[in-house]
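# Tertiary structure, described
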Amino acid sequence: MSGKDYVEKDYYKVLGVPKDASATEIKKTYRKLAREFHPDANKGDTKAEERFKDISEAYDVLSDEKRRKEYDEARSLFANGGFRGGPGGTGSYSFDFGDLFSGSQGGGGSGGIGDVFGGLFNRGGRQAQPRRGSDVETEVTLSFEEAVDGATVPLRMTSQAPCRLCNGTGAKSGTTPRVCPTCVGSGTVSRGQGAFALSEPCRDCRGRGMIVDDPCPDCHGSGRASSARTMQVRIPAGVQDAQRIRLKGKGAQGERGGQPGDLYVTVHVDSHPVFGRKADNLTVTVPVTFPEAALGGTIEVPTLNGPSVKLKLPPGSANGLTLRARGKGATRKDGTRGDLLVTVEVVVPQTVTGDALTALEQYREATASDDPRAALFRAAKGA
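Every chain's residues receive numbers from 1 upward, in the order its sequence appears when written. Per-residue local features of the predicted model are confined to residues with pLDDT of at least 70, and side-chain atom pairs are confined, for both listing and counting, to 80 or more; whole-chain, interface and lining totals are unaffected and use all residues. Note that the side-chain values use all heavy atoms of the structure and ignore hydrogens as well as water.

### Quick look at the overall build of the chain
Secondary structure elements are defined from DSSP: runs of H or I of at least 4 residues count as helices, runs of E of at least 2 residues count as strands, and each element is numbered from the N terminus. A tally of regular secondary structure across the chain gives eleven helices and 17 strands. Classification of the 383 residues of the chain by burial places 34% in the buried group. Whether two residues are in contact is decided by their heavy atoms: any pair within 4.5 Å suffices. Looking at the chain alone, contacts between residues at least 24 apart form 62% of all its contacts between residues at least 6 apart. With residues, only the protein chains shown are counted as cover, and all accessible areas are computed by Shrake-Rupley using a 1.4 Å probe. When the accessible surface of the chain is split by element, carbon and sulfur atoms take 50% of a total near 23600 Å². Using a 1.4 Å probe on the protein chains alone, a residue whose accessible area is under 20% of its type maximum counts as buried, one over 50% counts as exposed, and one in between counts as partly exposed.

This is the structure we're talking about:
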């Protein structure tokens, strides 16, 4: 569609709505007319088909706030085929629209006012739309310590990027791609479904909005090529094994000024010989002697990448008791740390000799009247 068409066609009249009609009123009217004149409902009726095209063209402009404003300004400027405002602000100069938009005025190859309106209305359709880059997925393996405290790791990735030979146009050097006539550069087409239309990628240009007649020998017209790059990526502290992290804007580059895609990193965490993990807490199992468990005392416990801590073991501590060292766990998103959960494991000596044997025998005699299984038998008998 030319700039001349924009100025000469009365889209408000085509839809049958006033110039101050609201967006809701325009949409409602369009849907009613689209149902009435849709080709599916008027098979073989060429007049209805042309009417449907006019309705769609009018709605395409008036439903877009920016394009509607430009259209109104152009109509106001060239009202009734003339430019308002002659000498002294009265009267009008009359112009032939054929001359105005043919580029014949001014000579020297100048496009004249046609160039102005060609830029305003895209000279026959929309410009090819920017395309967002694709998302990229990769994996990384961290040590247990790196996962807890966070780490910056190098990632080598292969993704699609603009072809260097054609700078992403897809066209051979010295040529340029043309706007796809089917989708008018949008990369999508509408497929009629009764009163509604569904958008889908244009098959002729494969969603690019451009058609390449003489393709680049490197990318074969796609405008894209595989590119390997190494980048430093910060993995946040406290990441879990198998967690998937999204890094916005770190994926493949976009086309025609489009935003880059995102990078998704799946993290694998190696195990640790001493420490385990439960959410934001670290875990460790600490062996204690029988006297320590029975009499209580203070035990020393290692921490991850830090000095050891001392915890108080209460008298009569049973095997499997869990103590807590606060703030010695994994780093959380807010910068605070979880706890270190310490599980007590009472160690029973494999052999006992000498004074230790004598002491244990004396202890057994002193506690012979205490049967730790008495309550078990009473419960078994239902007493």
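Resuming the write-up.
### So, the sheet that holds strand β13 (residues 281-288)
If you trace the four strands from one edge of the open sheet to the other, you get β12-β13-β17-β16, paired in mixed fashion. If you trace the sheet from one side to the other, it starts and ends with β12 (276-278) and β16 (322-325), each paired once. The mean inter-strand angle of the sheet, taken between neighbouring strand axes irrespective of direction, is 35°. Should DSSP find at least two bridges between two strands, the strands are regarded as paired. In this analysis an axis means a line fitted to C-alpha atoms, helices contributing only their contacting stretch, and an angle means the value between N-to-C directions, from 0 to 180 degrees.

### Regarding the pattern of salt bridges
Close approach of charged atoms allows side chains of opposite charge to pair. What makes a salt bridge here is a side-chain nitrogen of Lys or Arg within 4 Å of a carboxyl oxygen of Asp or Glu, nothing more. All told, the structure shown has eleven salt bridges when counted by the stated rule. In this structure, the salt-bridge partner of Arg324 is Asp339, at a minimum N-O distance of 2.9 Å. Placement of the pair is Arg324 in strand β16 and Asp339 in the loop between β16 and β17 (340-346), with a sequence separation of 15 residues. Overall, Arg324 belongs to the partly exposed group, its relative accessible area being 42%. A single salt-bridge network, built from bridges that share partners, covers Arg132, Asp135, Arg246 and Asp262.

### Concerning the side chain of Ser317
In this structure, Ser317 sits in the loop between β15 (306-313) and β16. Take Ser317: its relative accessible area is 7%, and that puts it in the buried class.

### Comments concerning the nonpolar core
Counting 20 residues, the largest nonpolar core has Ile299, Val301, Leu340 and Val342 as the members making the most contacts within it. Listing elements by their share of this core, those giving two or more residues are α8 (144-149), β13, β14 (297-303), β15, β16 and β17. It is β13 that contributes the most residues to this core, four residues altogether. When neighbours within four sequence positions are excluded, Ile299 is seen to be in contact with Val286, Val288, Glu292, Val309, Lys310, Leu311, Leu313 and Leu323. Take the buried Ala, Val, Leu, Ile, Met, Phe, Trp, Tyr and Cys residues and link them wherever side-chain atoms come within 4.5 Å; each set so joined is a nonpolar core.

### Structural notes on the sheet that holds strand β11 (residues 263-269)
Spatially, three strands are ordered β3-β11-β10 in an open sheet, and the strand pairing comes out mixed. One side of each edge strand has no neighbouring strand; the edge strands of this open sheet are β3 (136-142) and β10 (244-247). Ignoring strand direction, the axes of neighbouring strands in this sheet form an average angle of 30°. The pairing of β3 with β11 spans seven bridges and is parallel.

### Concerning the pairing of β11
Here β11 lies mainly inside the structure; six of its seven residues are buried. Two strands pair when backbone bridges link them, and β10 and β11 are joined in this way by four bridges, in the antiparallel orientation. Considered in β11, the bridge of Arg246 is made with Tyr264.

### Points about a negative patch on the surface
Two joining distances apply to patches: 9 Å for like charges and 5 Å for nonpolar side chains (Val, Leu, Ile, Met, Phe, Trp, Tyr), and every residue must have over 30% relative accessible area and no salt bridge. We count Lys and Arg on the positive side and Asp and Glu on the negative side, and we leave His and both chain ends out. By convention, the charge on Lys lies at NZ, on Arg at CZ, on Asp at CG and on Glu at CD. On the surface, Asp45, Glu49, Glu50 and Asp54 cluster together into a negatively charged patch. Tracing the backbone through its elements, the reader meets Glu50 in helix α4 (residues 46-62).

### What about the state of the cysteines?
To count as a disulfide, a pair of cysteine sulfur atoms needs to be within 2.5 Å. One pass over the structure, following the stated rule, counts zero disulfides. Here Cys166 stays free of any disulfide, with the sulfur of Cys219 as its closest cysteine sulfur at 3.7 Å. Here Cys205 stays unpaired: no disulfide links it, and the sulfur of Cys183, its closest cysteine neighbor, is 3.7 Å away.

### Section: the layout of surface pockets
Think of a 1 Å grid over just the protein atoms. A cavity is a set of points where a 1.4 Å probe fits yet cannot get out, a pocket is an open set with protein on both sides within 12 Å along at least five of seven lines, and lining residues have an atom within 4 Å of a point. Grid points are joined across faces, edges and corners, and a volume is the space filled by probe spheres set on the points. A volume near 350 Å³ is recorded for the second largest pocket. Elements with a minimum of two residues in the lining of the second largest pocket: α9 (290-295) and α10 (354-366). Of the residues forming the lining of the second largest pocket, the biggest block, five residues, is contributed by α10. Each residue is assigned to one class: nonpolar for Ala, Val, Leu, Ile, Met, Phe, Trp, Tyr, Cys and Pro, charged for Asp, Glu, Lys and Arg, and polar for all the others, Gly among them. Residue composition of the lining of the second largest pocket, by class: twelve nonpolar, no polar and one charged.

### Some thoughts on the confidence of the model for the chain
Known as pLDDT, the predictor's per-residue confidence is scaled from 0 to 100. Residues with a pLDDT of 70 or more make up 82% of the chain, whose mean pLDDT is 80. For residues 80-126, every residue scores under 50 in pLDDT, and the model assigns this stretch 71 contacts once sequence neighbours within four places are set aside.

### Things to note about unusual backbone geometry
Even without glycine at this site, His220 takes up a positive phi of about 60°. Look at His220 and you get exposed, because its relative accessible area is 66%. For Ala242, which is not a glycine, the phi torsion comes out positive at approximately 70°. As for its placement among the helices and strands, Ala242 is situated in the loop between β9 (224-235) and β10.

### A short note on a positive patch on the surface
A cluster of basic residues, Lys27, Lys28, Arg31, Lys32 and Arg35, forms a positive patch on the protein surface. Residue classification places Arg35 among the partly exposed residues on the basis of a relative accessible area of 48%.

### With respect to the packing of aromatic side chains
Aromatic contacts are taken between Phe, Tyr and Trp rings whose centres are within 6.5 Å, Trp giving its six-membered ring; a plane angle under 30 degrees counts as stacked, one over 60 as edge-to-face, and the others as tilted. One pass over the structure, following the stated rule, counts four aromatic pairs. Both rings, one in Tyr30 and one in Tyr59, keep their centres 4.0 Å apart while their planes meet at 5°; by these two values the pair is stacked. With Tyr30 in helix α3 (residues 23-37) and Tyr59 in helix α4, this pair connects stretches of sequence that are 29 residues apart. Each member of the pair, Tyr30 together with Tyr59, is buried. One aromatic cluster is present, built from ring pairs that chain together Tyr11, Tyr12 and Tyr71.

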